[in-house]
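Structure at a glance
The primary structure of each chain is shown beneath.
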Amino acid sequence: MEYLFESRLHKYVVNRNKASSEVSMVILSGVLYLVSEMTIREAAEFLGLPKSTFQRYARLTISELVRKGSEIIRLPKKEDQHFLISRGINKPMTGAVFALDGTQITLSFKGRVNSFYTRHKKSEINCQVVCDWNMNLVYIMPNFSGRTHDSDAWTQCSLARELERHPGKYIAEGNYIVADEGYANQGIVVRPYPKNGITPEQVVYNVVHKGARLIVENAIGAWKKRIPSLKTGIHATDPTELVLNIRASAVLHQFARYHEQRLYCDPFVLSYDQQSCTPVEAFRNKHGVELRESLTTYFNEVYSERVCYWNRSRRSFPLCYEYIKTLLFSEKKCCSVHLLTIIH
């Protein structure tokens, strides 16, 4: 595979002398730089390195992670793409192969006079994230300031332009990407219906849509949990270096996920991976509003009963909860008997 630039880490290994640190120390510095919530000085002292040496080692590791990013974070082949599972009804959302969302990455430097200052009263970067059905990151683009709207950021992404120029090349005709209300309903990106003046048929579609779209929020949460500096502040001030750090953290997270999946093989994941997901003919050559209307008709024919059952369960749950809470705090001796009756 050809890379965009030469490996700086490989140069270090080739030119390393006896007084230089081991390669493991260089990699450990980079991982600690990305993962740890410590300051750079604290992390350097923890490893027994000067601050400047620690930063140099971290940059070597980050550049190597970014260099290998296209091997780790990439769109799967069309035949390997699977439909997202819609929560609640616990069924695939036919045709939805990826979920899209934007997330704010916190920066460490302070101050209002910069283009990164947002309505959250913090300096942030808007990062566009696309994931598959198994919470794997398949595309990230952290090249936007925190003030950029999600819809504007997506239209400027390289993936959005490629999907528009070459329809059917990366995602099979009839398949699409689900997103939230912050995106425009155009191309193969589909958003839910607005809540005002919604019809029962559109409610069914929204339930299926929102249940499937949750996967990207879980993927972003898992990424930020593994890399706490994404929430507390990235160790950099230069915009170019900030983007490289975010990309490197995503590659590191996804690399760890692939190894976790190899160590623990979920039977459901294995069985679902072996299933073939064929696009629906009725969705082909349709985009934007027309595609969403076709999806609404399809899901009302297929999943309307499951959605109705899900809605009834949601309405009955608060009543059961209040009843159980009343029993727990009552002074009656037969409380445990009532609880056992409810559970069984």
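The model shown is predicted, which means the values in this text are computed figures rather than measured ones.

**A look at the packing of aromatic side chains**
Counted according to the given criterion, the structure contains six aromatic pairs. Centroid distance Tyr33 to Phe54: 6.4 Å. Interplanar angle 50 degrees. Geometry classified as tilted. Residue Tyr33 is found in helix H2 (residues 23-35), and its partner Phe54 is found in helix H4 (residues 51-67); the two are separated by 21 residues along the sequence. Each member of the pair, Tyr33 together with Phe54, is buried. The interplanar angle of 75 degrees and the centroid separation of 5.5 Å between the aromatic rings of Tyr298 and Phe299 together place this pair among those described as edge-to-face.

**Structural notes on helix H7 (residues 158-165)**
The complete set of buried residues in H7 reads Leu159, Ala160 and Leu163. The arc that holds the buried residues of H7, viewed along the axis, is 100 degrees, so those residues lie on one side. Of the exposed residues in H7, those oriented more than 90 degrees away from the buried face are Glu164 and Arg165. Buried-residue contacts for H7 involve strand S4 (124-131), strand S5 (137-145), helix H6 (150-155) and strand S6 (176-178).

**Here's the deal with unusual backbone geometry**
A positive phi angle, close to 55 degrees, is found at Asn90, a residue other than glycine. Following the sequence through the fold, Asn90 ends up in the loop between strand S1 (85-86) and strand S2 (91-92). One non-glycine residue, Asn285, lies in the positive phi region at around 60 degrees.

**A word on the packing of H2 against H4**
Where H2 contacts H4, the two axes come as close as 7 Å, and the packing angle between them is 85 degrees. In terms of orientation, H2 lies roughly perpendicular with respect to H4. Along its contact with H2, which presents Met25, Val26, Ile27, Ser29, Gly30, Leu32, Tyr33 and Leu34, the element H4 presents Phe54, Tyr57, Ala58, Leu60, Thr61, Ile62 and Leu65. The residue makeup of the contact of H2 with H4, split by class, is 12 nonpolar, three polar and no charged.

**Topic: the nonpolar core**
Soluble globular proteins: nonpolar side chains tend toward being buried together. Formed by 88 residues in total, the largest nonpolar core has its most connected members in Phe54, Met93, Trp154, Tyr176, Ile177 and Trp223. The dominant element in this core, judged by the number of residues it contributes, is helix H8 (residues 200-226), at eight residues. Beyond its immediate chain neighbours, meaning those up to four positions away, Trp223 contacts Thr103, Ile105, Cys127, Val129, Leu137, Leu230, Ile246, Ser249, Ala250 and His253.

**Here's the deal with the side chain of Ser229**
You can see Ser229 is positioned in helix H9 (residues 229-232). For Ser229, a relative accessible area of 3% gives the class buried. A distance of 2.8 Å separates a polar side-chain atom of Ser229 from the backbone oxygen of Leu34. In this structure Ser229 touches Leu34, Ser36, Thr106 and Ile234, once residues within four positions along its chain are discounted.

**Things to note about the pairing of S4**
Taken across its eight residues, S4 has eight buried, putting it largely inside the fold. With burial as the criterion, each face of S4 is covered, one bearing Glu124, Asn126, Gln128 and Val130 and the other bearing Ile125, Cys127, Val129 and Cys131. When strand S3 (residues 96-106) meets S4, the two strands line up antiparallel, connected through eight bridges. When the bridges of S4 are listed, Thr103 appears paired with Cys127. Hairpin connection, S4 to S5: the antiparallel pair is bridged by five residues, and Met135 has positive phi, about 65 degrees.

**Examining H2**
Its 13 residues give H2 an end-to-end C-alpha distance of 18 Å, which sits within 8% of 18 Å, the value for a rise of 1.5 Å per residue. Taken together, the buried positions of H2 are occupied by Val26, Ser29, Gly30, Leu32, Tyr33 and Leu34. Where the residues of H2 are buried, they touch helix H1 (8-15), helix H3 (40-47), H4, H9 and helix H10 (239-263).

**Description of the environment of Gln254**
Here Gln254 shows up in helix H10. With relative accessibility at 0%, the residue Gln254 sits in the buried group. Sequence spacing of Gln254 and Met135 is 119 residues, and the spatial spacing of their C-alpha atoms is 9.5 Å. There is a polar contact of 2.9 Å between the side chain of Gln254 and the side chain of Asn136.

Conventions adopted
Residues numbered from 1 in each chain as written. Predicted model: local features only at pLDDT ≥ 70, side-chain atom pairs only at ≥ 80, totals over all residues. Heavy atoms only, no water. Phe/Tyr/Trp six-rings, centres within 6.5 Å; stacked < 30°, edge-to-face > 60°. Helix = DSSP H or I, 4+ residues; strand = E, 2+ residues; numbered from the N terminus. Buried < 20%, exposed > 50% of the residue type's maximum accessible area, 1.4 Å probe, protein only. Arc of directions from axis to C-beta. Contact = heavy atoms within 4.5 Å. Axes fitted to C-alpha atoms, helices over the stretch in contact; angles between N-to-C directions. Parallel < 35°, antiparallel > 145°, perpendicular 65-115°, else oblique. Nonpolar A, V, L, I, M, F, W, Y, C, P; charged D, E, K, R; others polar. Core = buried A, V, L, I, M, F, W, Y, C linked by side-chain atoms within 4.5 Å. Polar contact = N/O pair within 3.5 Å; in protein donor to acceptor, adjacent residues only side chain to side chain. Pairing = 2+ DSSP bridges. Expected span 1.5 Å × (residues − 1).

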